[in-house]
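# Summary of structural features
Residues per chain are reported as follows:
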Amino acid sequence: MATANARERARENPLKVTALLSVVGYVLVLGTFAGVLPIYPSIDVGTVNLLSDAIAVVNSVATVTLVLGWYWIRNGEVQKHRTAMITAFALILVFLAMYLLKVGGSGGEKHIRVEGIVYYAYLLMLAVHILLSVVSVPVVLYALVLGLTHTPTELRDTVHRRVGRIAASAWILSLTLGVVTYVLLNHVYGWYIP
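Right, let's walk through the structure included here. Note that the structure is a prediction, hence the values are computed from the model and not measured. (Residues numbered from 1 in each chain as written. Predicted model: local features only at pLDDT ≥ 70, side-chain atom pairs only at ≥ 80, totals over all residues. Heavy atoms only, no water.)

### Considerations on the packing of helix H3 (residues 45–74) against helix H4 (residues 78–106)
Describing two packed helices takes the angle between their axes plus the distance from one axis to the other. Put simply, the rule is: Note on geometry: axes are C-alpha line fits, over the in-contact stretch for helices, and angles between N-to-C directions span 0 to 180 degrees. Counting from the N terminus, the helices are DSSP H or I runs at least four residues long and the strands are E runs at least two residues long. Should an angle lie under 35 degrees it is considered roughly parallel, over 145 roughly antiparallel, and from 65 to 115 roughly perpendicular; all remaining angles are considered oblique. Left-handed describes a crossing whose near helix is turned anticlockwise from the far helix by less than a right angle; the clockwise case is right-handed. Classification used: nonpolar for Ala, Val, Leu, Ile, Met, Phe, Trp, Tyr, Cys and Pro, charged for Asp, Glu, Lys and Arg, polar for all others including Gly.
Packing of H3 against H4 brings their axes to within 8 Å, and their N-to-C directions diverge by 160°. When the interaxial angle is binned, H3 and H4 end up roughly antiparallel. Along this stretch, H3 crosses H4, giving a crossing that reads as left-handed. By residue class, the composition of the contact of H3 with H4 is 22 nonpolar, seven polar and two charged.

This is how it looks when you write it as structure tokens:
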């Protein structure tokens, strides 16, 4: 009964639910970066590297899942699309847990060992990745809330299609740039911790 009531409230107020979930996510991430959430165990460089590798794998799988979800909805396969998008979101929650542990427990950050134009290209890709990660949170959550609280027929009368297109585009680009910067940092040029 409580679940039905919560779903109905989310259905009636998708923007409020999106805003609340977005604020919780931003507070968690910003609190971790600011070091005001002392909930993470200390981890060593080996664990940071392991988490970096795992994050790249999760983000690569999430990207493929998003692309498949996009493909399936364009071909009218609504249930496959729904499953793909929920799977991608679950993978992003796994990513977030690993990422916050990596940032909150490491006490340091890696810097790429490269100079010149490659360095600036890396920074540009990283900046776009971060910006898209930040701005896509409410858009992705809004599309997800609408998708989870409405039937496929009802979704036709919402902005889900338009918002979902924006969310998926931003999300796919952000994830792709994140994986590319990971490869450059960890496997092409190398890194150091100042």
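That was the structure; now back to the text.
### Focus: the layout of surface pockets
Heads up, the condition is: The rule is simple: put a 1 Å grid over the protein atoms alone, call a set of points where a 1.4 Å probe fits but cannot get out a cavity, call an open set with protein on both sides within 12 Å along at least five of seven lines a pocket, and count a residue as lining if it has an atom within 4 Å of a point. Grid points are joined across faces, edges and corners, and a volume is the space filled by probe spheres set on the points.
By volume, the second largest pocket is sized at about 860 Å³. Ile73, His81, Leu155, His160 and Arg161 are, among the 29 residues lining the second largest pocket, the residues nearest its centre. Breaking the lining of the second largest pocket down by element, the ones donating at least two residues are H3, H4, helix H5 (116–149), helix H6 (152–155) and helix H7 (160–188). Per-element tally for the lining of the second largest pocket: the top contributor is H7, with seven residues. Partitioned by chemical class, the residues of the lining of the second largest pocket number 15 nonpolar, nine polar and five charged.

### Remarks on the packing of aromatic side chains
We apply this condition: Each Phe, Tyr or Trp ring (for Trp, its six-membered ring) is paired with any other whose centre lies within 6.5 Å, and the angle between the two planes then decides the class: stacked below 30 degrees, edge-to-face above 60, tilted in between. We call a residue buried when its accessible area falls under 20% of the maximum for its residue type, exposed when it is over 50%, and partly exposed in between, using a 1.4 Å probe and counting protein chains only.
Per the counting criterion, the structure on display carries three aromatic pairs. Each ring, one from Tyr119 and one from Tyr120, has its centre 5.4 Å from the other, and the planes form 75°; the classification is edge-to-face. Since its relative accessible area comes to 30%, Tyr119 is described here as partly exposed. An aromatic cluster of three or more residues is present, and its members are Phe33, Phe95 and Tyr99.

Function cannot be read off these values alone, since they describe shape.
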